[in-house]
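One letter stands for each residue in the lines below.
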Amino acid sequence: MSDRYNHKVAEPKWQKKWRDANIFKVEKKDNKKKYYVLEMFPYPSGKIHMGHVRNYTLGDVVARYKKMMGFNVFHPMGWDAFGLPAENAAMTEKKNPADWTYTNISYMRNQLKSMGFSIDWDRELATCHPGYYKHEQLFFLEMYKNGLAYKKMSEVNWDPVDKTVLANEQVIDGRGWRSGALVEKKNLSQWFLKTSNYSEELLDDLSSLDMWPNKVKVMQSNWIGKSEGAEIVFSLVKNDFLDDKHLTVYTTRPDTIFGATFIAISANHDFAKKILKKDNNAKKFNKEIKVIDSEKTKVGYNTNIFIKHPFLDKKIPLFIANFVLMDYGLGAIFGCPAHDQRDLDFALKYNLEVIQVVEPIKSKQHSNGIKNTAILESGLMINSGFLDGMDNEKAKKEVVKRLEKEGIGNKKINYKLRDWGISRQRYWGCPIPILYREDGSVIPVEEKELPVLLPVLSQNNPSPTKEEVDEWKNTSCPITGMKAIRETDTFDTFFESSWYFLRYCNPRLNNKPFLKEDVNYWLPVDQYIGGIEHAILHLLYSRFFTKALRDLKFVDINEPFRGLFTQGMVTHKTFKDKMGNWVEPNKIVESKGNYFDNNNEQVLVGKIEKMSKSKKNVVNPSSIIENYGADTARWFMLSDSPPERDLEWTDVGVASSYKFINKIWETCIRAKNYKASDDLLKTNKFNALIQSVSENIEKFHFNKSVANIYEYVNEINKFMDKKTISGDSLKGVVKNLCIIIHPFTPHLSEEIWELLGHKGFCANANWPEFKKNDVVNKVNLPIQVNGKLKGLISSKKNEKEEVVLEKAKKLPSLNRVLKDKIIVKIIYIPGKILNIVIK
RNA sequence: GGGGCGAUGGUGGAAUUGGUAGACACGCUAGGUUUAGGUCCUAGUCUCGCGAGAGGUGAAGGUUCAAGUCCUUUUCGCCCUACCA
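Report follows, based on the coordinates.

Conventions and cut-offs
- Going along each chain's sequence as written, the residues are numbered from 1 onward.
- To label them, take the chains in the order written and letter them from A, then take the ligands in the order written and number them from 1.
- Local features in a predicted model are, by the rule used here, given only for residues with pLDDT of at least 70; side-chain atom pairs are given and counted only at 80 or more, and totals for whole chains, interfaces and linings are based on all residues.
- With hydrogens and water set aside, each side-chain value is computed from the structure's full complement of heavy atoms.
- By convention in these notes, a residue is near a molecule or strand provided one of its non-hydrogen atoms lies within 4 Å of it.
- Polar contacts, as counted here, are pairs of nitrogen or oxygen atoms within 3.5 Å of one another; within protein the pair requires one atom able to donate a hydrogen and one able to accept it, and residues that are adjacent in sequence qualify only if both atoms are side-chain atoms.
- Counting from the N terminus, the helices are the DSSP runs of H or I reaching at least four residues and the strands are the DSSP runs of E reaching at least two.
- Gly is placed with the polar residues, together with every amino acid not listed as nonpolar (Ala, Val, Leu, Ile, Met, Phe, Trp, Tyr, Cys and Pro) or charged (Asp, Glu, Lys and Arg).
- Think of a nonpolar core as a cluster: buried Ala, Val, Leu, Ile, Met, Phe, Trp, Tyr and Cys residues, connected wherever their side-chain atoms sit within 4.5 Å.
- Only protein chains enter the accessibility calculation, which uses a 1.4 Å probe. A residue is then buried if its area is under 20% of the maximum for its type, exposed if over 50%, and partly exposed in between.
- Working rule for contacts: check all heavy atoms of both residues, and any pair within 4.5 Å makes them a contact.
- Each salt bridge in this description consists of a side-chain nitrogen of Lys or Arg and a carboxyl oxygen of Asp or Glu lying within 4 Å of one another.
- When DSSP finds at least two bridges between two strands, those strands are taken to pair.
- Only C-alpha atoms enter the line fits that serve as axes; for helices the fit covers just the stretch in contact. Angles between N-to-C directions range over 0 to 180 degrees.
- Note on terminology: angles under 35 degrees are roughly parallel, angles over 145 are roughly antiparallel, angles of 65 to 115 are roughly perpendicular, and the others are oblique.

### Observations regarding the protein's contact with RNA strand B
Here's step 1: Lining the immediate environment of RNA strand B, one finds 49 residues, of which T252, S294, Y328, R342 and K704 sit closest.
Here's step 2: Counting only atoms of RNA strand B within 4 Å of the protein, the sugar-phosphate share comes to 63%.
Here's step 3: Measuring from a sugar or linking oxygen of RNA strand B, one finds a side-chain N or O atom of T251 at 2.9 Å.
Here's step 4: Take L325: an N or O atom from its main chain is 2.7 Å from a base nitrogen of RNA strand B.
Here's step 5: The element contributing the most residues to the surface near RNA strand B is helix α21 (residues 702-722), with six residues.
Here's step 6: Here the residues of the surface near RNA strand B sort into 18 nonpolar, 14 polar and 17 charged.

Printed below as a string of structure tokens:
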């Protein structure tokens, strides 16, 4: 055998050559078409995992392919560097969060480089760098000045033992993840961005994102949660508890107003708070409901206050109820038990009237009244005064008309999407650039004072002392000189990831976040790739941010990401020993379908699950790169499983990828030494395969491109075996092979490029041109009888029916069937099928 | 409860969008080369049948010359979301 391909030598060699030649460095070129490939940037947790490898491999295939297609490809990388794990490391390992983060970044950068990704490393950024976050402090100030940022009271999770605020994901079953203490709700004054201003546009523009997965659009649409209904103003009957005269509720079912038999408000509603002060029973109730799970038990408190029905001379009771949410609508509803299950459950419990007002057209419960199940179908109005007989959809409009006429209500569109709370009571985040003056004024930090840097922590004492913090916190107002203290909260880290894709345009620019003309050239991102877990928050915040920055005149685009692809997870078998402990896969030996650990004890095979430290089913990318090479890892990532589905990592799969990498090399060595003059390369199978590889890359069907490449290589070997291709023809075929494998296995490709004696880099080569749809003129035409396959005949693509039929009749299998039968009909689609219908 | 996705050999998955079901790969079986082994090569591998042939894409119907693909009903599985008035 010839020299084996040695990835340990070849991979670092080409990585160095690419870097030395700076071939992935890009600049704006107005005469060249751009293509922006972006993968979601990683959090620098310590080392890369297989999810990263998959993510960045997918992106790199696209980036390298588009480059070879002649695009000016923008493919940057950075670090989502603020966040909780750094603070945890500070506590557990006594490491300074900044040091910890930068150390991780430099380690992970090397890991990524060893994968051979075609990244323009000159544009690398880290969001924890003041040169990055000073600009988002500016964005915040601009938002504040334009009414897009404001402050209000809001609840946080408070851990009373650790005396700290917890993120939602740090609360497990109502307890702090570290202390195990019951988490309390605490009210703090916090900053919000007015995402709600953009609800309609965020929803509307989803329809323009035709290169997004439908699934993600549906999720965002549900999250925005638009509903059409009405606000109704009810009048209160004079009572001892409330001075207010009116109560407004939101409903999507104004048609059921005549079925309203109670009104309910949330315990957090202003009225409820007022009632509590005067009514001890209400106060007691308010305490009780804090420990009741409202999902399971619906409870209410009858306030003994009554409300006038807007169209009837009728008074209905006001309840405080635990199932009414303050966050949605107005925190107040009218209950129509006949047509809402929750209202019915509530009414049955408190003996409230049930009045049916909609009669479904095909009712199963016709005239039988309502027992335990509310009627949700549409139908005709009954028991409803001026609405009687109307279709209930029409009745909705009629009620709104009447409300508006009488000045006691109006049509109302409502959204579930709420404003984005951005305050985090954390150290390792971007400081919010606000001062609180001693006279109570809120003063935005002046632009020229930016960035507001994080207080510096001493090297050996990552937990800041009170003095250190005070020194940072205490300052003075730049205008009046009065004493002032700094805002100590930091931004939610989604703030950083909402604009990093813009910053890549000018990552070192100091006086501005970016240049508009560069953003106008590079943006929007043509292909964004990442996990489905960011389907809502990150992608929605980024869309909001882009629109807000547009309105603040920073950018001209409406949407940041033109194409989106969401990849599946990387999974692996799990193993457990007799004691029920998880066992790492690299300690497992398989023998005849049984698995054994280091001590030769049999272990149980568990489910295939997402790789995670807790289940110990992770495979370290670095050891794979070391043993098999980056190209093998990349090839395996792209083989078999479609990228949107989960990929099961298996040793045999990796081994077989490794074999194929070597097979390509052997084939090329063989081709180099091949000599023959016969040339029977008349079909253009290779051309068809190149077309297929290309189209499958465009469609993100990389597993199919991989299959095409297998075929391509097998085909070359067949030709060489039979000596039916000339040396000259083979040269062209092998050169094209080298190019089409490049996006998948770039190091191997470069090594072959060099072996074949080509100049420069394969990475800079042009993608082979294929004549579109120039497939073979000869086809194997299927012959059917009554839709069942009877045989194949060789035919030209545009052969006449008579000729085809004549040939077909010579098939013995057909003859047998046709005997003594009458041909009723013949369906012939040239190049596709001949179907003979017989009786 | 609401929404979405999916079900094809022993396995991962193909099927040019209504036109040869199972491409390509893994695994397995048999044989061969070399070897200590892995590697490598050849043949086979949906089911039944010696065969001609017949059946076959979770299940049951339907539309069609023709259905994995379209329609109806149904079973199972996964994911998201959840008192949204």
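Still more ground to cover, so stick around.
### Comments concerning the nonpolar core
Here's step 1: Within the largest apolar cluster, 106 residues are counted, with the highest numbers of intra-cluster contacts made by F140, L193, L523, F545 and W649.
Here's step 2: Leaving out residues up to four positions away in the same chain, F545 has contacts with F139, M143, L193, W420, F495, S498 and W499.
Here's step 3: The next biggest cluster of nonpolar side chains, apart from the first, holds 61 residues, and it includes I669, I716, F719 and C738.

### A short note on the pattern of salt bridges
When their charged atoms lie close together, side chains carrying opposite charge are able to pair.
Here's step 1: Per the counting criterion, the structure on display carries 45 salt bridges.
Here's step 2: Ionic pairing is found between K66 and E698, a salt bridge with its closest N-O pair at 3.4 Å. Residue K66 is found in helix α2 (residues 50-68), and its partner E698 is found in helix α20 (residues 685-698); the two are separated by 632 residues along the sequence.
Here's step 3: Between E393 and K396 there is a salt bridge, with the nearest N and O atoms lying 3.3 Å from each other. Note that E393 and K396 are positioned in helix α11 (residues 392-406) at a spacing of three residues, about one turn of the helix.
Here's step 4: E393 sits in the partly exposed class, given a relative accessible area of 41%.
Here's step 5: Shared partners join several salt bridges into a network, and the residues in it are E201, D205, R543, K547, R550, D551 and E559.

### Topic: the sheet that holds strand β6 (residues 164-166)
Here's step 1: A sheet is described by the order of its strands in space; here four strands give the open sequence β6-β5-β9-β19, paired in antiparallel fashion. Edge positions in the sheet fall to β6 and β19 (420-421), since each has one partner strand and no second.
Here's step 2: On the sheet, helix α5 (residues 130-145) packs against β5 (149-159) and β9 (184-193) and is oriented at approximately 85 degrees with respect to β9.

### Describing the packing of helix α1 (residues 7-21) against helix α23 (residues 746-755)
Here's step 1: Contact geometry of α1 with α23 gives a least axis separation of 9 Å together with a crossing angle of 85 degrees. Overall, the two elements α1 and α23 adopt an arrangement that is roughly perpendicular. Here A10, E11, K13, W14, Q15, K17 and W18 of α1 come into contact with α23, specifically with P746, H747, E750, E751 and E754.

### Points about the environment of G727
Here's step 1: Tracing the backbone through its elements, the reader meets G727 in helix α22 (residues 727-741).
Here's step 2: Placed 298 residues apart in sequence, G727 and G429 show a C-alpha to C-alpha distance of 63 Å.
Here's step 3: With residues near it in sequence (within four places) discarded, G727 still touches Y674 and A676.

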